[in-house]
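Spelled out from the first residue to the last, the chains are:
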Amino acid sequence: MKYKVLTYYSNLALSQEDNDFVANFLESASKVIEQEINEKSGDKYQLDIDFLHLEKGEEGLEPLFKKIESYDDFFITNGHVVLKHNKTILERIKDKDFFYFHTASSLPSEDHLFHIGHLDRSAQIAFISNEIEQYQDYKVFYIHNESRTYEMILENHKNSENFQDYSVKEISDPEDIKKQLNNILIKTNESDLIILDIGLKYFREVFDYLEENKLNNRVINTFGSLENRFQKITFDLVQLSTQPFYTTLSIEDLMSKVFDEELETNKITLLLDSLWRLEIPILISQALNKIDISEIHKMDTEKLRSAILSFDGKKDIFIGKRGHLGFNADGINNIRDNFAYIFPNSLQTQDYKTPKIFYRTQFHSVEGEVQKSRVMYAYIDILSVANIDISSKYWTAEFFIDIVSHFENPIDEIIFNNLSSLNDKFTYKKVWQRDDEDNYTTQRYYVVANFDFVPKAENYPFDWQNIYIAMTVKNDNEQILQPIPLDLLDHEFDIGEWEIQSDFSGVKFQKNRLFQDANLKKSVSISSENRVGWILKRKNNATLFKIGIPMSFLIFLVYYTTFSDYGNSGSSIGILTTTFLSAIALYFSVEKPEPKKLTIVDLIFIWFYIVNGITVVVCGISSSLNENIFYTSNLTLKFIIPLSLLSMGLFLVKRIKGSRNDIMLDRDV
């Protein structure tokens, strides 16, 4: 049974080049996901993913309607990012049979609608209130358009003497927007707090005013995306968002399948806001896996809806490539997110490249209760990497780790998850300590440790390997360990016989099924670990010399025997026997990193043994028959040996080129 999924992307307030880049990625990634799902599902079901790239606004709706009208049967699609367009779309397609996954909280709860938004409004309000408390001696300017946070913030703070709110709801003309906002901002001084709950065309004017006047006010922005939209952010900006700034390892694996080259960090950031669309076919696939095959073939949408709702956030949680989902009985996601970011000036090395990190204080909801967490920052500076042992599956690192936290000895609060199980060396000493603001300290440690990794030995000595350091915090209810930003990854250090091809930093999520209490109550939790690592390519010059030169000589001798005379066939057999024994001796002198796996070295020798053995047998049998057969068989071998050499070479080249594709970041040791 084939299920139709429609994924579409409508242009945002970005350059045409950036919109095309995002759309092209989503289209290619959709095909990768479709192939992965269909290969795993086999005969049970198949997903057919269509992709549309639409123009911005109402202009893009007509191609969408035309595509939907071509569907006669049940289909699944994502909602529009412009919330008001969702009602138009649903009204137009109401007679169709479909599931609609959206982020518009204003839509009603219906059986064919699923709300997949992550907005944690309670945590957002708690964060803002916590910041306002820090500004009791200064003014707080709240600029809004009378929606979203408006009612709750006014209810909590309208009676405060230092709190002032300004509505820009009735202003739409660009010149009027600029004039009105300038009139508000001129009343501020640099010590005041500015809270913005307005759209891009409004807060752009606020940002421009602060930049032009070189002001460094603390600004909290609660709405809209900033990615690739501002040349610089030099003031003290805190952005509240439902989207994590980091990539997951699963996303990085997906990107490596779409792009041949490593992406710049600003390009990765650009893609992250749009990846939620790709979660929908993955969710459908995981739901279909729960349904009996007989029900799937009936295309029972009620069964499918029940399977989707079985990801309830407690007994089961959907884990996609980007995030998590859990639904209540009305099809509304109950897993909420709130992230607070800052934009360090030190990371803004290029125009329109504004990397962000976690703000030191975070608020998020846990089972309906808002919880405050402190952020720990750990930055790794690798000094050297040694002893990348494929057979023992561990490697040794010597590095500095700078930990910014409020703990007295923060290294004791970090768990290194992939310390070697065979050789559990881990030593450290504190190098220095510096006091920071808000009771934080920065402490540097010198560390030498062995870490496990998953080796890929099949392509030795042309192999690529993925080594990494995995970290979590002991108490993830009260602390958050920030993933290392891509811009701060270290890739200049001594690594011996290897070359660094790329580096990565991301998060790996793991679903843990638990049985609690004496009655074995079933529950599910999600654990995460931060990984920072490097993809390495072996420098194979030494191995090539050790194998290539003698093997070339032995191949020449084998081929040389095909030119011998009938009367010298005995000498040819002697030469071939000698080359065979020499190859065996050479094989046992070559390093074999993983004895249980056939490497490229093993394949080369197996090929040689086969060619050498066939040549010996043919020479021996034909020489015992007659001269014509001998010369005919030798003539045949003169073509077969070079052809087999060429075929083997092409096979090895193709296999070596695919070495990078064998590296998967999202897997356990």
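You'll find the structure just up there.
Since the structure is predicted, the reported quantities are computational estimates derived from the model, not experimental observations.

**Here we look at a nonpolar patch on the surface**
Where nonpolar side chains cluster on the molecular surface, the patch consists of L598, I606, I610 and I614 and spans about 350 Å² of accessible area. Here L598 is to be found in the loop between α14 (569-589) and α15 (600-625). Assessed through its relative accessible area of 49%, L598 is described here as partly exposed.

**Looking at the packing of aromatic side chains**
This model, assessed by the stated rule, comprises 43 aromatic pairs. Measuring from centroid to centroid gives 6.4 Å for Y3 and F74, while their planes differ by 85°, and the two rings are edge-to-face. Pair noted here: Y3 is in strand β1 (residues 2-10) and F74 is in the loop between α2 (61-69) and β3 (75-78), with a separation of 71 residues, a long-range link. Across the pair, F74 and Y3 agree in class, each one buried. Between F630 and Y631, the ring centres sit 5.5 Å apart and the planes meet at 75°, which makes this aromatic pair edge-to-face. For F630, a relative accessible area of 0% gives the class buried. What makes Y631 partly exposed here is its relative accessible area of 34%. Grouping aromatic residues by their ring pairs yields a cluster made of W395, F399, F416, F426, Y428, Y445, F451, F493 and W534. Positioned above the aromatic ring of F230, the side-chain terminus of R204 is 5.1 Å from the ring centre.

**Brief notes about the pattern of salt bridges**
Enumeration according to the criterion identifies 26 salt bridges in this entry. Across the salt bridge formed by R92 and E62, the nearest N and O atoms sit 3.6 Å from each other. Placement of R92 in helix α3 (residues 83-92) and of E62 in helix α2 is noted, with a sequence separation of 30 residues between them. Of the charged contacts in the structure, one is a salt bridge between E69 and R92, with a shortest N-O distance of 3.5 Å. Here the residue E69 occupies a position in helix α2, and R92 occupies one in helix α3, the gap between them amounting to 23 residues. Classification of E69 by relative accessible area gives partly exposed; the value is 47%.

**Quick notes on helix α7 (residues 200-212)**
In this model, α7 (13 residues) spans 18 Å end to end at C-alpha, consistent with the 18 Å of a helix rising 1.5 Å per residue. Burial in α7 covers these residues: Y202, F203, E205, V206, F207, Y209 and L210. Its buried side turned inward, α7 meets α6 (174-185), β8 (193-197), β9 (218-221) and β10 (236-241). Directly after α7, the chain includes K214, whose backbone phi takes a positive value near 55°.

**So, the environment of K638**
Examined against the element boundaries, K638 turns out to sit in helix α16 (residues 627-657). When its relative accessible area of 23% is taken as the criterion, K638 is described as partly exposed. In sequence terms K638 and K315 are 323 residues apart; their C-alpha atoms lie 67 Å from each other. Beyond its immediate stretch of four places on either side in the chain, K638 contacts Y559, T562 and F563.

**Description of the side chain of K508**
Within the element layout of this structure, K508 appears in strand β23 (residues 498-516). Non-local contacts of K508, meaning those with residues more than four positions away in its chain, are made with L249, S527, S528, E529, R531, D666, R667 and D668.

**Regarding the sheet that holds β8**
If you walk across this open sheet you meet the seven strands as β7-β6-β8-β9-β10-β13-β14, and the pairing is mixed. One side of each edge strand has no neighbouring strand; the edge strands of this open sheet are β7 (163-167) and β14 (357-358). Where α6 meets the sheet, its contacts fall on β6 (140-144), β7 and β8, and the angle it forms with β6 comes to roughly 165°. This element, α7, spans β8, β9 and β10 of the sheet and lies at about 155° to β8.

**What to know about the nonpolar core**
The biggest cluster of nonpolar side chains holds 50 residues, and the ones touching the most others in it are F25, F101, L304 and I308. A per-element tally of this core places helix α1 (residues 16-41) first, with nine residues. Beyond its immediate stretch of four places on either side in the chain, L304 contacts Y3, F74, F99, A287, L288 and I291. Counting 33 residues, the second-largest nonpolar core is a separate cluster that includes A397, F407, I469 and F493.

**Here we look at the side chain of D192**
The residue D192 is located in the loop between α6 and β8 in this model. Buried charge without a partner: D192 forms no salt bridge, and the closest opposite charge is K139, 5.7 Å away. Within polar-contact distance, the side chain of D192 engages the backbone nitrogen of K139 at 3.1 Å.

What counts as what
Residues numbered from 1 in each chain as written. Predicted model: local features only at pLDDT ≥ 70, side-chain atom pairs only at ≥ 80, totals over all residues. Heavy atoms only, no water. Patch = residues over 30% accessible without salt bridge, like charges linked within 9 Å, V, L, I, M, F, W, Y side chains within 5 Å. Areas by Shrake-Rupley, 256 points an atom, 1.4 Å probe, with all protein chains shown as cover. Salt bridge = Lys/Arg side-chain N within 4 Å of Asp/Glu carboxyl O. Helix = DSSP H or I, 4+ residues; strand = E, 2+ residues; numbered from the N terminus. Buried < 20%, exposed > 50% of the residue type's maximum accessible area, 1.4 Å probe, protein only. Phe/Tyr/Trp six-rings, centres within 6.5 Å; stacked < 30°, edge-to-face > 60°. Lys NZ or Arg CZ within 6 Å of the ring centre and 35° of its normal. Expected span 1.5 Å × (residues − 1). Contact = heavy atoms within 4.5 Å. Pairing = 2+ DSSP bridges. Axes fitted to C-alpha atoms, helices over the stretch in contact; angles between N-to-C directions. Core = buried A, V, L, I, M, F, W, Y, C linked by side-chain atoms within 4.5 Å. Lys, Arg positive; Asp, Glu negative; His and termini not counted. Polar contact = N/O pair within 3.5 Å; in protein donor to acceptor, adjacent residues only side chain to side chain.

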